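Secondary and tertiary structure notes
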Amino acid sequence: MTINPIKTILIIFVSSSFLTCNGQMKSEHKQAETESIKIGKVVSEVDNQIWRIFQDSKGNYWFGSNGKGIYFLDGNELKLFTTTDGLVNNTIRGIQEDSVGNIYIETPDGISKFNGKNFVTLKAIKSSYNQWKLNRGDLWFSYNANDLYRYYGDSLFELK
(Lines give C-alpha, C1' and ligand atoms only; values in the text may rest on other atoms or scores of the structure.)
Protein backbone atom coordinates (compact mmCIF):
# COMPACT_ATOMS: atom_id res chain seq x y z
CA MET A 1 0.00 0.00 0.00
CA THR A 2 1.40 3.37 -1.00
CA ILE A 3 0.46 6.66 0.58
CA ASN A 4 -0.04 9.60 -1.65
CA PRO A 5 2.48 12.41 -0.85
CA ILE A 6 -0.31 14.98 -0.88
CA LYS A 7 -2.23 13.02 1.78
CA THR A 8 0.94 12.79 3.87
CA ILE A 9 1.48 16.55 3.77
CA LEU A 10 -2.19 17.14 4.56
CA ILE A 11 -2.04 14.80 7.60
CA ILE A 12 1.11 16.55 8.91
CA PHE A 13 -0.47 19.98 8.43
CA VAL A 14 -3.73 19.06 10.21
CA SER A 15 -1.86 17.38 13.09
CA SER A 16 0.43 20.35 13.64
CA SER A 17 -2.57 22.71 13.60
CA PHE A 18 -4.26 20.79 16.42
CA LEU A 19 -1.07 20.70 18.49
CA THR A 20 -0.48 24.41 17.99
CA CYS A 21 -4.03 25.32 19.06
CA ASN A 22 -3.81 23.08 22.09
CA GLY A 23 -0.62 24.85 23.18
CA GLN A 24 -2.32 28.24 22.91
CA MET A 25 -5.19 27.10 25.09
CA LYS A 26 -2.78 25.97 27.80
CA SER A 27 -0.86 29.26 27.85
CA GLU A 28 -4.07 31.30 28.00
CA HIS A 29 -5.25 29.14 30.91
CA LYS A 30 -1.96 29.68 32.75
CA GLN A 31 -2.22 33.45 32.21
CA ALA A 32 -5.73 33.53 33.67
CA GLU A 33 -4.53 31.57 36.70
CA THR A 34 -1.76 34.07 37.47
CA GLU A 35 -4.25 36.95 37.54
CA SER A 36 -6.06 35.54 40.59
CA ILE A 37 -5.51 37.15 43.98
CA LYS A 38 -2.77 35.33 45.89
CA ILE A 39 -3.45 36.63 49.41
CA GLY A 40 -6.47 35.94 51.59
CA LYS A 41 -8.12 32.79 52.83
CA VAL A 42 -10.80 30.92 50.87
CA VAL A 43 -13.91 30.53 53.04
CA SER A 44 -17.36 29.04 52.55
CA GLU A 45 -19.50 31.76 54.18
CA VAL A 46 -19.45 35.35 55.41
CA ASP A 47 -19.63 36.44 59.03
CA ASN A 48 -23.08 37.12 60.54
CA GLN A 49 -22.15 40.75 61.34
CA ILE A 50 -21.73 42.43 57.96
CA TRP A 51 -21.84 46.24 58.18
CA ARG A 52 -20.99 47.24 54.60
CA ILE A 53 -21.69 45.71 51.18
CA PHE A 54 -20.10 47.12 48.04
CA GLN A 55 -20.16 46.06 44.38
CA ASP A 56 -17.08 47.18 42.45
CA SER A 57 -16.87 48.17 38.77
CA LYS A 58 -15.96 44.59 37.76
CA GLY A 59 -19.11 43.17 39.38
CA ASN A 60 -17.30 41.70 42.40
CA TYR A 61 -18.83 42.00 45.86
CA TRP A 62 -17.07 43.18 49.03
CA PHE A 63 -18.56 42.50 52.47
CA GLY A 64 -17.19 44.49 55.42
CA SER A 65 -17.58 42.77 58.78
CA ASN A 66 -17.61 44.05 62.33
CA GLY A 67 -14.24 42.66 63.41
CA LYS A 68 -13.57 39.63 61.17
CA GLY A 69 -12.10 41.45 58.12
CA ILE A 70 -13.39 41.98 54.61
CA TYR A 71 -14.82 39.31 52.31
CA PHE A 72 -14.34 39.35 48.53
CA LEU A 73 -16.66 37.44 46.16
CA ASP A 74 -15.71 37.29 42.48
CA GLY A 75 -18.62 35.05 41.50
CA ASN A 76 -16.63 31.84 41.87
CA GLU A 77 -14.69 32.11 45.09
CA LEU A 78 -15.20 33.77 48.47
CA LYS A 79 -12.03 35.07 50.14
CA LEU A 80 -11.46 36.66 53.52
CA PHE A 81 -8.80 39.34 54.00
CA THR A 82 -7.62 40.30 57.49
CA THR A 83 -4.76 42.13 59.19
CA THR A 84 -2.54 39.13 58.43
CA ASP A 85 -2.96 40.04 54.73
CA GLY A 86 -2.09 43.72 55.35
CA LEU A 87 -5.48 45.20 56.23
CA VAL A 88 -5.02 47.98 58.82
CA ASN A 89 -7.89 46.73 61.04
CA ASN A 90 -10.47 43.92 60.81
CA THR A 91 -13.42 46.22 61.62
CA ILE A 92 -14.74 47.62 58.34
CA ARG A 93 -16.66 50.92 58.28
CA GLY A 94 -16.61 51.84 54.59
CA ILE A 95 -15.66 50.57 51.12
CA GLN A 96 -15.02 52.73 48.04
CA GLU A 97 -13.39 52.41 44.62
CA ASP A 98 -11.40 54.93 42.60
CA SER A 99 -11.54 55.48 38.83
CA VAL A 100 -8.80 52.92 38.10
CA GLY A 101 -10.27 50.09 40.21
CA ASN A 102 -8.35 50.37 43.49
CA ILE A 103 -10.49 49.48 46.51
CA TYR A 104 -10.32 51.60 49.69
CA ILE A 105 -11.32 50.01 52.97
CA GLU A 106 -12.14 52.37 55.83
CA THR A 107 -11.50 51.09 59.37
CA PRO A 108 -11.37 52.77 62.81
CA ASP A 109 -7.55 52.74 62.61
CA GLY A 110 -7.13 54.11 59.09
CA ILE A 111 -7.62 53.34 55.42
CA SER A 112 -6.25 50.39 53.48
CA LYS A 113 -5.86 50.62 49.72
CA PHE A 114 -6.12 47.35 47.76
CA ASN A 115 -4.65 47.39 44.25
CA GLY A 116 -5.71 43.86 43.35
CA LYS A 117 -2.55 42.25 44.71
CA ASN A 118 -1.82 43.69 48.16
CA PHE A 119 -2.89 46.18 50.81
CA VAL A 120 -1.19 49.48 51.59
CA THR A 121 -2.10 51.63 54.61
CA LEU A 122 -2.58 55.27 53.63
CA LYS A 123 -0.78 57.85 55.75
CA ALA A 124 -2.68 61.09 56.31
CA ILE A 125 -1.10 64.48 55.63
CA LYS A 126 -2.35 67.16 58.02
CA SER A 127 -3.85 69.98 56.00
CA SER A 128 -4.44 73.53 57.16
CA TYR A 129 -8.01 74.76 57.56
CA ASN A 130 -7.99 76.68 54.26
CA GLN A 131 -6.86 73.80 52.01
CA TRP A 132 -10.29 72.27 51.49
CA LYS A 133 -10.81 71.42 47.81
CA LEU A 134 -13.32 69.50 45.76
CA ASN A 135 -11.81 67.75 42.77
CA ARG A 136 -13.34 65.24 40.41
CA GLY A 137 -12.36 61.76 41.57
CA ASP A 138 -11.90 62.68 45.25
CA LEU A 139 -12.74 60.02 47.81
CA TRP A 140 -13.95 61.16 51.23
CA PHE A 141 -13.51 59.32 54.53
CA SER A 142 -14.39 59.98 58.17
CA TYR A 143 -12.90 57.03 60.00
CA ASN A 144 -12.56 58.90 63.28
CA ALA A 145 -15.14 61.18 64.85
CA ASN A 146 -13.03 64.36 64.84
CA ASP A 147 -11.72 64.73 61.30
CA LEU A 148 -12.60 64.38 57.65
CA TYR A 149 -10.19 62.90 55.11
CA ARG A 150 -9.93 63.60 51.38
CA TYR A 151 -8.00 61.25 49.11
CA TYR A 152 -6.89 62.75 45.83
CA GLY A 153 -4.45 61.08 43.46
CA ASP A 154 -1.90 59.56 45.79
CA SER A 155 -2.36 61.63 48.97
CA LEU A 156 -4.72 61.41 51.91
CA PHE A 157 -5.38 64.83 53.45
CA GLU A 158 -6.62 65.16 57.04
CA LEU A 159 -8.96 68.14 57.20
CA LYS A 160 -10.06 69.81 60.44
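Now for a look at the structure at hand.

**What about the overall build of the protein?**
Each helix and strand counted, the protein has 1 helix and 13 strands in total. When the helices and strands of the protein are placed in sequence order, the string is α-β-β-β-β-β-β-β-β-β-β-β-β-β. For the protein, the proportion of its 160 residues judged to be buried stands at 34%. Put simply, 41% of the contacts in the protein that link residues at least 6 apart link residues at least 24 apart. A total accessible area of about 10,800 Å² is found for the protein, and carbon and sulfur atoms account for 54% of it.

**Focus: the sheet that holds strand E8 (residues 110-114)**
Within the open sheet, the 4 strands sit side by side as E6-E7-E8-E9. Their pairing is antiparallel. Taken across any chain shown, the strands that pair with only one partner, and hence form the sheet edges, are strand E6 (94-97) and strand E9 (119-121). The mean angle between the axes of side-by-side strands here comes to 25°, regardless of whether they run parallel or antiparallel. Inspection of the sheet shows E8 paired to E9 by 3 bridges, in the antiparallel sense. Within E9, the residue paired with serine 112 across the bridge is threonine 121.

**Describing the pairing of strand E7 (residues 103-107)**
E7 sits mainly inside the fold: 5 of its 5 residues count as buried. The two faces of E7 match: Ile103, Ile105 and Thr107 on one face and Tyr104 and Glu106 on the other face are all buried. Here E6 folds back onto E7, and the loop between the two strands holds 5 residues, one of which, glycine 101, carries a positive phi near 95°. Both E7 and E8 contribute to a ladder of 5 bridges, which runs antiparallel. In the sheet register, threonine 107 faces E8, and the bridge partner there is glycine 110. Here E7 hands over to E8 after 2 residues, the two strands then running antiparallel side by side.

**Digging into the nonpolar core**
A general tendency of soluble globular proteins is for nonpolar side chains to be buried together. Trp62, Ile70, Phe72, Phe81, Leu87, Ile92, Ile95, Ile103, Ile105, Phe114 and Phe119 together form the largest nonpolar core, which totals 11 residues. Of all elements in the fold, only strand E4 (70-73) and E7 reach the threshold of two or more residues within this core. The contact partners of leucine 87, leaving out residues within four places of it in the chain, are Gly69, Ile70, Phe81, Thr82, Ile92, Ile105, Ser112 and Phe119. Judged by nonpolar contacts, the second largest core, of 9 residues, contains Tyr104, Ile111, Phe141 and Tyr143.

**Let's talk about the sheet that holds strand E3 (residues 61-65)**
Sheet strands line up and pair through hydrogen bonds in the backbone, either parallel or antiparallel. Spatially, 5 strands are ordered E1-E5-E4-E3-E2 in an open sheet, and the strand pairing comes out antiparallel. Here the strands that pair on one side only, and so sit at the sheet edges, are strand E1 (41-42) and strand E2 (50-55). Summarising the sheet, E3 and E4 pair through 4 bridges and their orientation is antiparallel. Looking across to E4, one finds that tyrosine 61 is bridged to leucine 73.

**Some details on the environment of asparagine 115**
On the secondary structure map, asparagine 115 appears in the loop between E8 and E9. Counting along the chain gives 14 residues from asparagine 115 to glycine 101, while the straight-line C-alpha distance between them is 7.4 Å. There is a polar contact of 2.8 Å between the side chain of asparagine 115 and the backbone nitrogen of lysine 117. A distance of 3.0 Å separates a polar atom in the side chain of asparagine 115 from the backbone nitrogen of asparagine 118.

**Section: the environment of serine 65**
Positionally, serine 65 belongs in strand E3. In this structure the C-alpha to C-alpha distance between serine 65 and threonine 91, which are 26 residues apart in sequence, comes to 6.1 Å. If near-sequence neighbours (up to four positions away) are discounted, serine 65 is found in contact with Asp47, Gln49, Ile50, Trp51, Tyr71, Asn90, Thr91 and Ile92. Of note is the side chain of serine 65, whose polar atom sits 2.9 Å from the backbone nitrogen of lysine 68. Here glycine 69 takes part through its backbone oxygen, which lies 2.7 Å from a polar atom of the side chain of serine 65.

Calculation notes
Residues numbered from 1 in each chain as written. Predicted model: local features only at pLDDT ≥ 70, side-chain atom pairs only at ≥ 80, totals over all residues. Heavy atoms only, no water. Helix = DSSP H or I, 4+ residues; strand = E, 2+ residues; numbered from the N terminus. Buried < 20%, exposed > 50% of the residue type's maximum accessible area, 1.4 Å probe, protein only. Contact = heavy atoms within 4.5 Å. Areas by Shrake-Rupley, 256 points an atom, 1.4 Å probe, with all protein chains shown as cover. Pairing = 2+ DSSP bridges. Axes fitted to C-alpha atoms, helices over the stretch in contact; angles between N-to-C directions. Core = buried A, V, L, I, M, F, W, Y, C linked by side-chain atoms within 4.5 Å. Polar contact = N/O pair within 3.5 Å; in protein donor to acceptor, adjacent residues only side chain to side chain.

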